[in-house]
Amino acid sequence: MNIAVLPLLVVAAALSVSLTGGGAEARKVTKLESTSASTDVVYNAISCRAHSASVTDFGAVGDGQTSNTKAFQDAVKQLSRFASDGGVQLYVPAGKWLTGSFSLTSHFTLYLHRDAVLLASQ
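Treat the numbers as computed from the prediction; the structure is a model and nothing was measured.

**Structural notes on helix H2 (residues 69-79)**
Residues of H2 that are buried include every one of Thr 69, Ala 71, Phe 72, Ala 75, Val 76 and Leu 79, and no others. Lining the buried residues of H2 we find strand S3 (51-54), strand S4 (63-67), strand S5 (88-92), strand S6 (95-99), strand S7 (108-112) and strand S8 (116-120).

Written out as structure tokens, the structure reads:
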């Protein structure tokens with residue numbers, strides 16, 4: 001395993017474990033200016049933000065080979081506009097999500113499905 005991937009996998013695992021614990025409820029993703037034609041996704045998540053969207057709404061593909069850096073960066077940029085309106089949550093479904101760096105903002109929750117893995121690229 002690439003050394004650069006290991007720290008991100010540890011963080012992803014910790015986030016996944018801590019967020020799939022108690023207090024979860026079924027939520028329907030509210031698409032905010034979605035660019036995909038996919039249907040709404042229902043998932044169990046903590047109810048901590050007024051707005052939520054899936055990373056797939058921004059063109060991300062969880063195949064472990066496609067670079068999703070732009071999708072994650074675009075999602076953070078667009079969703080951060082709602083920070084002052086109850087915050088946002090970005091849902092990452094099951095899959096292997098290859099991505100370069102992206103920065104989270106205040107009032108932003110990154111929610112990983114328990115079978116979602118973030119793979120770091122340089």
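**With respect to the pairing of S3**
Taking every second residue as pointing to the same face, both faces of S3 are buried, with His 51 and Ala 53 on one and Ser 52 and Ser 54 on the other. In the sheet, S3 pairs with S5 via four bridges, with the strands oriented parallel. By the bridge assignment, Ser 54 is partnered in S5 with Tyr 91.

**Re the confidence of the model for the protein**
Regions with low pLDDT carry predicted coordinates that are not meant to be interpreted in detail. Here the protein shows a mean pLDDT of 75. Residues at 70 or above account for 61%. In the model of the protein, helix H1 (residues 5-19) stands out as the element of lowest mean pLDDT, 41, in contrast to S6, which has the highest, 98. Note that residues 1-26 has pLDDT below 50 and, in this model, 38 contacts with residues that lie over four places away or in other chains.

**A look at the environment of Ala 120**
Checked against the element boundaries, Ala 120 lands in strand S8. Between the C-alpha atoms of Ala 120 and Trp 97, which are 23 residues apart in sequence, the distance is 8.4 Å.

**Quick notes on the nonpolar core**
Within the largest apolar cluster, 19 residues are counted, with the highest numbers of intra-cluster contacts made by Phe 72, Leu 79, Leu 90, Val 92 and Trp 97. For this core, the secondary structure elements donating two or more residues are H2, S5, S7 and S8. Broken down by element, the residue count for this core peaks at five residues, all from H2.

**Notes on the sheet that holds S6**
Sheet architecture is open: three strands sit in the order S4-S6-S8, paired in parallel fashion. Of all strands in the sheet, those bounded by a partner on one side alone are S4 and S8. Pairs of neighbouring strands in the sheet enclose a mean axial angle of 25 degrees, with direction left out of account. The sheet contact formed by S4 and S6 spans two bridges and is parallel. Bridge pairing in S6 places Asp 63 opposite Lys 96. Most of the contacts of H2 go to S6, to which it runs at about 85 degrees, and overall it touches S4, S6 and S8.

What counts as what
Residues numbered from 1 in each chain as written. Predicted model: local features only at pLDDT ≥ 70, side-chain atom pairs only at ≥ 80, totals over all residues. Heavy atoms only, no water. Buried < 20%, exposed > 50% of the residue type's maximum accessible area, 1.4 Å probe, protein only. Helix = DSSP H or I, 4+ residues; strand = E, 2+ residues; numbered from the N terminus. Contact = heavy atoms within 4.5 Å. Pairing = 2+ DSSP bridges. pLDDT = per-residue confidence, 0-100. Core = buried A, V, L, I, M, F, W, Y, C linked by side-chain atoms within 4.5 Å. Axes fitted to C-alpha atoms, helices over the stretch in contact; angles between N-to-C directions.

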